[in-house]
Structure formats: structure tokens, C-alpha cells
Amino acid sequence: MSVRPELLAQLEAFFANCMINPSLLHEDRYHFIKRFIEFFGGQIPKTDLYSNNEPPSKKSENANASKEPEPEPEPEPEPESEESDIDLDMSGVIEPDEDTPQKMGNPTLQPTEEEIAESQAKRSEAVSAFIEKNYEKAIELYTEAIVLNPQASLLYAKRGQIFILMNKPNACIRDCNRALELNPDSAAAHKFRGRAYHLLGKFEEAATDLRLACKFDFDEQADEWLREVTPNARKIEEHKRKKERKIQEKLERKKQEILKKAQENAKAYEDNTRTSQTEYPGDNPENLADFYKFLNDPDILEAFQDPEIAEAFKEISTNPTNIMKYQSNSKIMTFINKVAVKFGTATNIPEGLPFRMHGFMSNKRPKPQDDVGLD
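Residues numbered from 1 in each chain as written. Predicted model: local features only at pLDDT ≥ 70, side-chain atom pairs only at ≥ 80, totals over all residues. Heavy atoms only, no water.

## Re the overall build of the protein
Move 1: Within the protein one finds 14 helices and zero strands.
Move 2: The order of helices and strands in the protein, counted from the N terminus, is α-α-α-α-α-α-α-α-α-α-α-α-α-α.
Move 3: Across the 375 residues that make up the protein, the buried fraction comes to 36%.
Move 4: Within the protein, counting contacts between residues at least 6 apart in sequence, those at least 24 apart form 62% of the total.
Move 5: By element, 51% of the accessible surface of the protein is carried by carbon and sulfur atoms, the whole surface being about 23500 Å². (Helix = DSSP H or I, 4+ residues; strand = E, 2+ residues; numbered from the N terminus. Buried < 20%, exposed > 50% of the residue type's maximum accessible area, 1.4 Å probe, protein only. Contact = heavy atoms within 4.5 Å. Areas by Shrake-Rupley, 256 points an atom, 1.4 Å probe, with all protein chains shown as cover.)

Here is the structure:
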């Protein structure tokens, strides 16, 4: 019976492994090879693995028992809150209000001329109540005006202003949000919402709104409020920039570690190839059985019929660092990870898996009758 050249190459590599690790031939699955060697007068050397006539499983258990437990990894430090180490001026910040949301009116209602006129009359009454500092009455009248004309952006902003005076910043924000839905350029809505954010200690949001208020319609009070929140807002912004820099530096270090590890793996592969004169990196005997399963796996064979996958795998096999160029190729990475899952490894390429697949790197699929295994 003739054996295909690529399988001869596999046998040659397997026997090279056996010369380095003779314990492999003591395994039951390779008994026929041991019997073949002994038939011609050869002798398989005993190894430490079986020196006490212990079965492999027992020896493995004893070896594991003698190992010291690995230290548990140190827990990741708890992430710091964004403002935990910032010295902020919290004067003026109050507890948030928890009141039931106020009535907003029907946003789809298109008021008649009579309703608009009546709404304006209610607004005039609300202004009078506001001047008299009867804020509850002013809120009630502004609400009636809003129900009559829910499309008037300024009515919401003015009611929001009164909610600020009543120390109800959340209610003010709700009103200003609706005002800005109706008119995104409302200086009054940005102004009062900015003040409400300040009262809640949301300094960045406050600074953004107050800057817009001064941009759309400069107001001395809005400018004064902006000057109050700016120092805190700048501290938070600087803190975030530093935090972002640290994250980027950490990612860069991680990237360099990955590249260094890939280069070390590639060098180890080249050194081992020169030493063993085979095409196998690492030659881990425990992985050879998985390799032969790999060669005959239907899914793997089918995938290699795709020229793009075959070429990519060949490049990665030649130099593991080449995997970096395929990180954005979902088809290639899906295949690599599929291989990883099949072999129960946490990395993208199974450890010890032969990198050059000989005949399987071509587009021609081998015939089933030509598949010769070692089991």
C-alpha cells in the first residue's frame, strides 16, 4: 500500500517526536508501533513517567498532588468614581426633588386663535403672581396657559424658572427639555436648565447649557452662573482627560505585550523548527492525537476549500504574528476561533498545532480513502 507524501511527512515528524519523548510510545493508542519496533529487536526505553509501573492517570494524579497551589490572581482594583479624587466646590448644590412630574399638555394639539389668546391672558396673570412671589399660584397659571397652548416653548422655560426658585431642579429640567424640543435655540431654556444642573452638582452639563444660553442671547445672569460652574467643570474635564490618557496608555502597553509575546512565539517556532528539522512548532506529544483529528475533521477540510482561508492559515502558520493583519476579517477570525473551540484552547491557534498543513494547504481536497491515521 502506498502512502501519500504528506502523510509520510507526518509520520516522519511523529517519529521525531518519539525520539525526543519516548514516553509517547508507552501509550495504549500507539501499542502497534511499539510492537513493530520490538518485533525487529528494538527496545522502548523506560521513562520517569512509568518508572514505578504506575498507570498514566495515577502518575498524573500524583504529579498534580505534589504541585503547590498556584497563587490566586490579585483582584483588579475597584474603578474610581469620576469625581472621587477631585476637589470640587459643592456650595449651592442641593438634594434632588422627587415630585410627581408636572402636567405638560398635549404635544400634538394645535391651538385655535381663541385658545392662544386665552393662554396669553393666563401667562400675564402668572407674571403678576411671579412678581408678587406667589410661586405656587404662578405655577398653576403657567400650567393652565400650557394646556391651552402646548406649542409655546417660552411658557415651559418660564415655568422652569419658577421651579428653580422653589428648589425643584428636576422639575425645571423637565420643562426646559420640552421647551428645547419645541425650540432648540431657546436661550431661556438653556439658561434655566444650566442653573438646574448646577443645583444638582452636574457641573459639565451646567457649563454646556450656560455657554449656549450666552451664545444665543447674552445675559448677565447666565454669564455669572457660567463663571460659578466653570472651575468645577474644568476640573472634571481635566480629570477625564487624564483618565482617558491612562486608559490609552494601558491599552498600548497591552498591545505591546501581545506583540512581544507573538514575536517570542514566532522565534520559539523558528528555533524549534531548526532543532527538530520538522515543520512542527513545539511538538507537544499530547497534541498530536488532536492534530490527526484535525486533519480528518470534515468542517476543517471543507473550510480549506476556500482559497482565502487556506492562504490566510498558511500565512499564520508560517508566522503567528501574521494573525494581526486578519483581526478585522470576520471570515478568517471565525475560522481561527472555530479551530480554537474544537481544540479547547483559549487562544486563537491551538497550542502545539502544526502550522504547515502540507497537502491541506492546496485547494484540492484529499480523497477519503487516502486518509491514513495512526490509531
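Structure's up, so let's keep going.
## Topic: unusual backbone geometry
Peptide bonds are trans in most cases, and residues, glycine excluded, mostly fall at negative phi.
Move 1: The backbone of Lys133 shows a phi angle near 60 degrees, a positive value even though the residue is not glycine.
Move 2: Looking at where Lys133 falls in the secondary structure, it is placed in the loop between helix H4 (113-131) and helix H5 (135-148).
Move 3: We classify Lys133 as exposed; its relative accessible area is 64%.
Move 4: A positive phi is found at Asn167, a non-glycine position, where the angle reads about 55 degrees.
Move 5: Among the secondary structure elements, Asn167 is positioned in the loop between helix H6 (153-165) and helix H7 (169-182).

## Describing the packing of H7 against helix H8 (residues 187-199)
Move 1: One way to put it is that H7 packs onto H8 with a least axis distance of 9 Å and a crossing angle of 150 degrees. In terms of orientation, H7 and H8 fall into the roughly antiparallel class. As for the relative orientation of H7 and H8, their crossing is left-handed in sense. Note on element contacts: H8 touches H7 through Ala189, His190, Phe192, Arg193, Ala196, Tyr197 and Leu199, opposite Pro169, Cys172, Ile173, Cys176, Asn177, Ala179 and Leu180.
Move 2: Within the contact of H7 with H8, the residues separate by chemical class into eleven nonpolar, two polar and one charged. (Axes fitted to C-alpha atoms, helices over the stretch in contact; angles between N-to-C directions. Parallel < 35°, antiparallel > 145°, perpendicular 65-115°, else oblique. Left-handed = near helix turned anticlockwise from the far one by under 90°. Nonpolar A, V, L, I, M, F, W, Y, C, P; charged D, E, K, R; others polar.)

## A short note on the confidence of the model for the protein
Move 1: Here the protein shows a mean pLDDT of 77. Residues at 70 or above account for 71%.
Move 2: Considering only residues more than four positions removed or in separate chains, one finds that residues 77-81, a stretch of pLDDT under 50, has three contacts.
Move 3: Low pLDDT, under 50, characterises residues 277-283; the stretch is placed with 25 contacts to residues that sit more than four places away or in other chains. (pLDDT = per-residue confidence, 0-100.)

## Overview of the nonpolar core
Grouped burial of nonpolar side chains is what soluble globular proteins tend to show.
Move 1: Within the largest apolar cluster, 38 residues are counted, with the highest numbers of intra-cluster contacts made by Ile162, Cys172, Ala189, Phe192, Leu210 and Val229.
Move 2: For this core, the secondary-structure elements that each account for two or more residues are H4, H5, H6, H7, H8, helix H9 (203-216) and helix H10 (220-276).
Move 3: Residues within four places of Val229 in sequence aside, it is in contact with His198, Phe203, Ala206, Ala207 and Leu210. (Core = buried A, V, L, I, M, F, W, Y, C linked by side-chain atoms within 4.5 Å.)

## Brief notes about the environment of Thr208
Move 1: Its place among the elements puts Thr208 in helix H9.
Move 2: Judged by its relative accessible area of 43%, Thr208 is partly exposed.
Move 3: For Thr208 and His190, which are 18 residues apart along the polypeptide, the C-alpha to C-alpha distance reads 8.7 Å.

## Considering the pattern of salt bridges
Move 1: In the structure shown here, the tally under the stated rule is 14 salt bridges.
Move 2: Ionic pairing is found between Arg178 and Glu181, a salt bridge with its closest N-O pair at 3.4 Å. Taken as a pair, Arg178 and Glu181 lie in helix H7 at a separation of three residues, close to a single helical turn.
Move 3: According to the relative accessible area criterion, Arg178 is buried, its value standing at 17%.
Move 4: A salt bridge links Arg241 to Glu238; the nearest nitrogen and oxygen atoms lie 2.7 Å apart. Of this pair, Arg241 and Glu238 are both found in helix H10, three residues apart, which corresponds to roughly one turn of the helix.
Move 5: For Arg241, a relative accessible area of 44% translates into the label partly exposed.
Move 6: What you see here is one network of salt bridges that share partners, running through Glu238, Arg241 and Arg245. (Salt bridge = Lys/Arg side-chain N within 4 Å of Asp/Glu carboxyl O.)

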